[in-house]
Each structure stands twice: as structure tokens, then as C-alpha cells.
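Summary of structural features
One-letter residues, chain by chain:
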Amino acid sequence: MTDVLNHTESVGRGGDRTLATWRQRISKGPPLIHPFLMASFPIVFLFARNLREAITPSDMVTPLELSIGATAIFMTAGWAIFRNAKAVGLVVSVWLLLFFSYGRASAGLQGTLLGRDLYLLIAWGILAFAAVIVAFLFRSRLRATTSALNLITVVLVAMNVIPIVFYRSAVPRGSASSGGLFAGQLEAAKSSKHRLPDIYYIVPEDYGEARTLRDLYGIDTQPFNRWLITQGFYVATDSKTNYPNTSLSLSSSLNLQYPSSLLGEAAKDGDAVKRTLRGFAASRFLKALGYRYVHMGMWWAATTTDPTADVEVKGEGLSEFSSILYDTTILPALSTKVKSVGGVQLDVRRVRYEHTLQQFDNLLQVSKLRGPKFVFVHLGVPHAHYVFDRKGRFVGKTQAAVGTREKRFGDQALWTSSKLQEVLGRLLDATGRKAVIILQTDEGPEPVKYPGVSNRGPNLHRTLLDKYRILNAYYLPDVSHAKLYPSITPVNSFRLVFDLYFHAGFGLLPDEIWGKEEDPTRFVNITDLVQDR
Amino acid sequence: MKASRTRIVWVAVFFVYFFITMPAAHAYVDPGTGSYVFQVLLGVLLGAVVAVKLWWRKMWAFVSRKRSPKEGETGEPSRPAR
């Protein structure tokens, strides 16, 4: 103690009290907080990195609980065995870093010899063992190391917590909804006499359109389209999406208007657009008419849940946030041997497979709910992961590595069309053919990348068509199909349905197709560019 | 005066960092491996800088002793042998 005081005094003479205080604290022994901060850092980092992806702080809760809880258990067990908290803390922090970095290293080294799980696991094992040896050898001299690790981890966590605290969306929460914008139409709908048919809005993610699927993936989905027509569906054969991505496309259909009209300048902000997919205009309009709003989202964070829904049908499995976090850890490499822990499925592909099947089952289950209901179903197929073969059998990681991405997408798309046919047939029967069904995909197939309208290459027109053409089918019982037309776009879907059934007086908007140039915030009207020649 | 200037520099560094690393909107949650590696390296660098600042006297004393075995030449107080 005397030694400490002397030392502190000597520093104080130098006039640097802050350093003296720090030295004094260190001499007493720094608090052991770095393992817990290290357990939080990768999770907080991922959240801060994706603030604009419609994720919520609740996405972090379970991963943080698990990570910090497991760290506490390791620390306690290690201390009970070795009786040296600082050495145990050092080992746990290094192990945590290795645990949360394996997936990133594996992805970065993909295609190289070291990128193979066998070698990378050996390398990670050696590093983990080295941490134990170093901690053991220097176990009596870890004061300074502990302080340094505390400092590093505080900085790492602070670098990510600060942006989270100060982040403000371009549109405040809840204000993206159009408020009383459709008050006149709502009044008209309330005052007219009409029945309230159940309404199903089913969106298979990135399904595309039959011609695209035939030309690019060699699969024939025309039998499904013909089946739809024989069942009484109107298939809009020349329909295109208003936007080449999910959030803008869904925003235009669910809010009955172009995002630029709804959000103004904020429509250029991806986060603001994603916020319009919760509590959207169609659901609020129908709820005001007495409907129950049933929400059934996919793994994508923007439609996973909708807090404004009356009934939320949640699938089991990891959220998008947890799934990406999981992929960065060592668990996927270990899950080839360990399939589940305590009943929790570790294989993300298996989770996606089962969740998709569950979505189709749930669609039929909710049809049994009493009273008028509006059901929004965002199906996760045929978008990746490609986990279904043509007959709907599970495709594991090893099988998926064989063949091209196009082949895997084609197989999953073909299975999706046959499954949709089966489930829609049962849904028509279950609803006595009295429900309105809109089957509409949001954009073209996922493997087709949006080319950008400034790319004036020879294949621009063809690639734009592949991306913009969509399946857009309507089952509208007891009303005339006279107002339907082949080139109807998603922005007009609910406008038309609400006018036909509720005489709301929305009218139709011009069917405009919008693209983007190099500047991702600038929308360009390319309606003429994507017309069939 | 010097301390306040240092603080201003630190605050400026933080603001520049946050401006540069403000996440862009993607279609999906992005693991951001590049930023992750960058942050880990930055954390280690900052830790190293502060560690040097905290213990540079000890380090200097250690280096000086290596250069000259005689005590007291560096003007640094020596710790009693145990």
C-alpha cells in the first residue's frame, strides 16, 4: 500500500491527477468487466450496423441474454476450478472473440484451403488452447492486461451504443402511416351497403413471372397459371411491379399509393420505406370497417411482425437478426454434427424449411377464424435459402452445394407453384369460394439483379422485364371482372378491390414503373422502357 | 489548455468515425464483416495507445535500465526490490 501511495505521489507531482487515479485503481485490481462487454460487443455491433433494416431493440434481447448468461456461467465455473478470476476472464474473452468471429473468417476464406471447416476448426482450437496456456503462464501478472482489455471492450461497445442511442429515422415511428388521408373513402365505404368478404393477400417472395421462370430457369409454371384461371382467378398477364425491390413494391401495394406520395423526400430512405410495411393503409382501412387484421410475416425483419395486427401468426425459428448473428458464430460449423440443443433447432436451413411449411399450414388454419378478416401472408419462398427440391423434399447444405444457384432457385420456384396450387385449392374450399384472394409477387426472381436504368447495355430491356414482370392474380367472387386489366400494377390492387366491394371511390392511379440510376436515392420513371415489344 | 485541446480532438475523431460508419440501407441485415474487423483493430489500437500513456514511465524506465544498469540516471523513481 505504501508503495502505491509513493508511486501515486510521484505522479501527482507531475501534475497528472487523472493518471494517478487510474494507477491507483489498477493497483487495487481492476474490475473484471471485459468478458461481459466482449459478450455484448458482436451483438450490439450487428444491431448498430443494421439500424436501418427495420430491426428493433427486442431483436437483441435474447442473444444478449444468452451470450452474457453463458459468459457468467463460464466465469463462475472457471473461477471455481482455477481460483484466478483474471486468468479465467482473459480466456473467456478470447474464446468469445473466437466464437463470434468464426463465421466471418469462414466466409472470408471461402474457397481457400483454410476456409474448410476442418482446418479452420483446428486453427480455432489451437488459438483457444493458446489463450489458456498464456493465461496460465502469466496468471499472477494480469492486472495491466485486465485493465487494457476493459478499456478496449468499453471502446468497442461504446462505438456501437452511441450510434444506436442517437439514431433517428427519416420518418418518426408511426408517422409513416397516412393518417386521415383516406377519410373520404372510408366514409363512403361505411355508408354504402356491402358484405365484408375475407381478404387474403398472399405474397410469395421474388417468385417472378412464368415467362421469366421458363426462359431463365427452364421451369414451366404455366400449368399453375392455367389452373388459377380455371378456378376463377383473373391473371393479369402483363403485370409489372412498380419497383424492383421488396420494400418499395410492398409499400406501394399495401399503402395504395407510391411511396414518394406517402413519404415525400423520405421515400429515398430505405428505413423509412420499411416502416410503412407496419400499420399500413390497407390494414387500417379494413380495421376501420370492422375487419380483423391477421399478419403472417416471413423471416425478413421488415415483415416479421406487425404490432398493429389483431392476430400475429409467428413462425418458429430465428429472426433475421438472430439468423445473421448465428451465421457469424462457430455454431453453423458445429451444427453439422449437433442438430439441436434443448429442442432449439440449430440448422438454419432446416428452420427455414419447416417455417415455410408451417406458413402454408397456418394460412389454412386462419381461414377458420370467425368474422371478417384481412390476412397478409408474406411467404419466404422461392427466395433463398433454397431448401426445397422440386418435390418439396429438404435440401441440406451438402446437397445445396451441388448444382448452380439458378437450378436451386428453379427447383424451389417450381415447388412453390405446386404448393400454392394445393393450398389455394384447399383455401377456396375452406372459404366456400367467398373470400377475396390476391396472389401477387413483389418482384422478379431474386437471382436476377436489378441492372440500373443507366446501364444501356444490349440486354437492358430483357433484364428489366425479368426483374419487373410479376405474377398478379385476383380471385374476386360476386363482382364483375370488367375493371380488371392485364397491366394492372400492385399500387392499384387494393384500390380496385376496395372500390369493387366497398364502393370507396379510390379510383386508380396511373400504373407507373420506377427504377433507379447510379444514385440510389433518385427514382426514374421507366414505364415506357419496360413495355413488352 | 492542452487537456481541453486533446478532448476536442477525441470528440472530433468520434464524430468523424460515426459519420464515416453510418450504416447504409441494405435489403437485408448485413453482417458487416469489414466494419467488424475495422472496429476490433481500432479498439486494440486505442487500448494500446492508452496503455502506453498509462505505463510509458514504467516502459521508459525499463528501457533505460536495459541501456544503463545504473539507477537514477533517467530521473524516474525506482521501485524497491522485493
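Residues numbered from 1 in each chain as written. Chains lettered and ligands numbered in written order. Predicted model: local features only at pLDDT ≥ 70, side-chain atom pairs only at ≥ 80, totals over all residues. Heavy atoms only, no water.

Looking now at the packing of aromatic side chains. Residues and elements named next belong to chain A. Tallied over the entire structure, the rule returns 31 aromatic pairs over all chains. Ring geometry for tyrosine 243 and tyrosine 258: centres 6.4 Å apart, planes at 65°, overall edge-to-face. You can see tyrosine 243 sitting in the loop between strand 2 (234–235) and helix 11 (246–254) and its partner tyrosine 258 sitting in the loop between helix 11 and helix 12 (259–263), a full 15 residues away along the chain. There is no split in this pair, since tyrosine 243 and tyrosine 258 are both buried. Linked through ring pairs, Phe182, Tyr201, Phe280, Phe285, Tyr291, Tyr293, Phe374, Phe376, Phe494, Phe498, Phe502 and Phe506 together constitute an aromatic cluster. The ring of phenylalanine 136 carries arginine 139 above its face, with NZ or CZ at 4.3 Å from the centroid. (Phe/Tyr/Trp six-rings, centres within 6.5 Å; stacked < 30°, edge-to-face > 60°. Helix = DSSP H or I, 4+ residues; strand = E, 2+ residues; numbered from the N terminus. Buried < 20%, exposed > 50% of the residue type's maximum accessible area, 1.4 Å probe, protein only. Lys NZ or Arg CZ within 6 Å of the ring centre and 35° of its normal.)

Residues and elements named next belong to chain A. All buried positions along helix 10 (residues 222–230) are accounted for by Phe224, Asn225, Trp227 and Leu228. Projected down its long axis, helix 10 shows its buried positions confined to an angular sector of 160°, all on one face. In this structure, the buried side of helix 10 is in contact with helix 9 (210–217), strand 2, helix 20 (405–430), strand 8 (436–440) and strand 9 (472–475). Glycine 232 lies just past helix 10 and shows a positive phi near 105°. (Arc of directions from axis to C-beta. Contact = heavy atoms within 4.5 Å.)

Bringing the pattern of salt bridges into the picture now. All names here are of chain A. Enumeration according to the criterion identifies 21 salt bridges over all chains in this entry. Between arginine 462 and aspartate 215 there is a salt bridge; the shortest N-O distance is 3.5 Å. Of this pair, arginine 462 sits in helix 21 (residues 460–468) while aspartate 215 sits in helix 9; the two residues are 247 residues apart in sequence, bridging distant segments of the chain. A relative accessible area of 38% places arginine 462 in the partly exposed class. (Salt bridge = Lys/Arg side-chain N within 4 Å of Asp/Glu carboxyl O.)

Let us now look at empty space enclosed by the protein. All names here are of chain A. Scanning the entire structure with this criterion turns up two cavities of 30 Å³ or more. Forming the walls of the second largest cavity are Trp299, Arg352, His355, Thr356, Gly380, Val381, His383, Ala384, His385, Val387 and Gln412. With three residues, helix 18 (residues 348–366) is the single largest residue contributor to the lining of the second largest cavity. (1 Å grid on protein atoms, 1.4 Å probe; cavity = no way out; pocket = protein on both sides within 12 Å on 5 of 7 lines; lining within 4 Å. Points joined across faces, edges and corners; volume = space filled by probe spheres on them.)

Before going further, it helps to spend a moment on unusual backbone geometry. Residues and elements named next belong to chain A. Omega for the peptide link from valine 381 to proline 382 comes to 5°, which places this bond in the cis form. Residue histidine 385 is bonded to the preceding alanine 384 through a cis peptide linkage, with omega at 5°. On the secondary structure map, histidine 385 appears in the loop between strand 7 (373–379) and helix 19 (397–400). Of note in the backbone geometry, aspartate 206 takes a positive phi value of approximately 60° without being a glycine. Inspection of the secondary structure assignment puts aspartate 206 in the loop between strand 1 (199–204) and helix 9. Positive phi, normally seen in glycine, also occurs at aspartate 478, with a value near 70°. Mapping aspartate 478 onto the fold places it in the loop between strand 9 and helix 22 (493–502).

Residues and elements named next belong to chain A. Taken together, the seven strands give an open sheet; going across it, the order is 2-9-8-1-7-3-4, and neighbouring strands pair in mixed fashion. Unpaired on one side and paired on the other, strand 2 and strand 4 (311–312) mark the two borders of the sheet. Judged from the two bridges that link them, strand 3 (residues 292–296) and strand 4 form a sheet pairing that is parallel. Directly across from valine 294, in strand 4, lies its bridge partner valine 311. (Pairing = 2+ DSSP bridges.)

Residue and element names in this part refer to chain A. Estimated volume of the second largest pocket: approximately 1700 Å³. What lines the second largest pocket is a set of 46 residues, among which Gln110, Asp327, Arg349, His385 and Lys397 lie closest to the centre. Mapped onto the lining of the second largest pocket, the elements with two or more residues apiece are helix 5 (85–108), helix 16 (320–328), helix 17 (331–335), helix 18, helix 19 and helix 20. For the lining of the second largest pocket, the per-class residue count stands at 17 nonpolar, 16 polar and 13 charged. (Nonpolar A, V, L, I, M, F, W, Y, C, P; charged D, E, K, R; others polar.)

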